[in-house]
Amino acid sequence: PATVPAGSGTTAPSSEPYPNPTGSVLNVPVVPHKDGGSIKASIYSTDGRLLRTSTLSGAGATLIKLSTEDLVPGHYMVQIEDASGRHTKPFTKL
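Description of the structure in this document. This one's a predicted model, so the numbers in the text were calculated from it and none came from an experiment.

**Details of the sheet that holds strand S3 (residues 50-56)**
- Spatially, the four strands line up as an open sheet ordered S3-S2-S5-S6, and their pairing is antiparallel. The sheet is open, and its two borders are formed by S3 and strand S6 (85-93), each paired with just one other strand. Ignoring strand direction, the axes of neighbouring strands in this sheet form an average angle of 20°.
- Pairing of strand S2 (residues 39-45) with strand S5 (residues 74-82), which is carried by six bridges, proceeds in the antiparallel orientation. Bridge pairing links Ala 41 to Ile 80 in S5.

Now the structure itself:
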């Protein structure tokens, strides 16, 4: 199974994912690439299993909306890879 790398990507991005706790959609603020490079957000279970990945391409993108509708209530991690690096943040699904 995929794992969230320990110790890497723990630098905080400019904003936290919201709302947290969340119901059906998690909004993930991102730092856009100036050259239009892709931005990736991945949701992991607390045991490190990759549950889904969303990729957004294009310069100027500042928000990724991730559906959490089909997740069972509990704790998860969202990993963001954007122009500022890789960041991992916890969130709770209600």
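**Some words on the environment of Asn 27**
- The topology assignment puts Asn 27 in strand S1 (residues 25-29).
- Spatially, the C-alpha atom of Asn 27 lies 4.6 Å from that of Lys 65, the residues being 38 residues apart in sequence.
- Not counting residues within four places of it along the chain, the set of residues in contact with Asn 27 comprises Pro 17, Tyr 18, Pro 19, Leu 63, Ile 64 and Lys 65.

**Quick look at the side chain of Lys 89**
- Residue position: Lys 89 is located in strand S6.
- Within the structure, the side chain of Lys 89 is placed 3.0 Å from the side chain of Glu 16, a separation counted as a polar contact.

**Some points on the nonpolar core**
- Of all hydrophobic cores here, the largest spans 14 residues; its most connected members are Val 28, Val 30, Ile 43, Ile 64, Leu 66, Val 78 and Phe 91.
- When contributions to this core are tallied by element, the ones reaching two or more residues are S1, S2, strand S4 (63-67) and S5.
- Setting aside its immediate chain neighbours within four residues, Val 28 contacts Thr 62, Leu 63, Ile 64, Leu 66, Val 78 and Ile 80.

**With respect to the pattern of salt bridges**
- Within the structure shown, the criterion is met by five salt bridges.
- The salt bridge involving Lys 40 is made with Glu 81; its shortest N-O contact spans 3.8 Å. With Lys 40 in strand S2 and Glu 81 in strand S5, this residue pair connects regions lying 41 residues apart in the sequence.
- For Lys 40, a relative accessible area of 32% translates into the label partly exposed.
- Here Glu 81 ties to Arg 86 by a salt bridge, and the two come within 3.9 Å at their closest N and O atoms.
- Here the residues in one salt-bridge network are Lys 40, Glu 81 and Arg 86, joined through shared partners.

Thresholds, definitions, all that
Residues numbered from 1 in each chain as written. Predicted model: local features only at pLDDT ≥ 70, side-chain atom pairs only at ≥ 80, totals over all residues. Heavy atoms only, no water. Pairing = 2+ DSSP bridges. Helix = DSSP H or I, 4+ residues; strand = E, 2+ residues; numbered from the N terminus. Axes fitted to C-alpha atoms, helices over the stretch in contact; angles between N-to-C directions. Contact = heavy atoms within 4.5 Å. Polar contact = N/O pair within 3.5 Å; in protein donor to acceptor, adjacent residues only side chain to side chain. Core = buried A, V, L, I, M, F, W, Y, C linked by side-chain atoms within 4.5 Å. Buried < 20%, exposed > 50% of the residue type's maximum accessible area, 1.4 Å probe, protein only. Salt bridge = Lys/Arg side-chain N within 4 Å of Asp/Glu carboxyl O.

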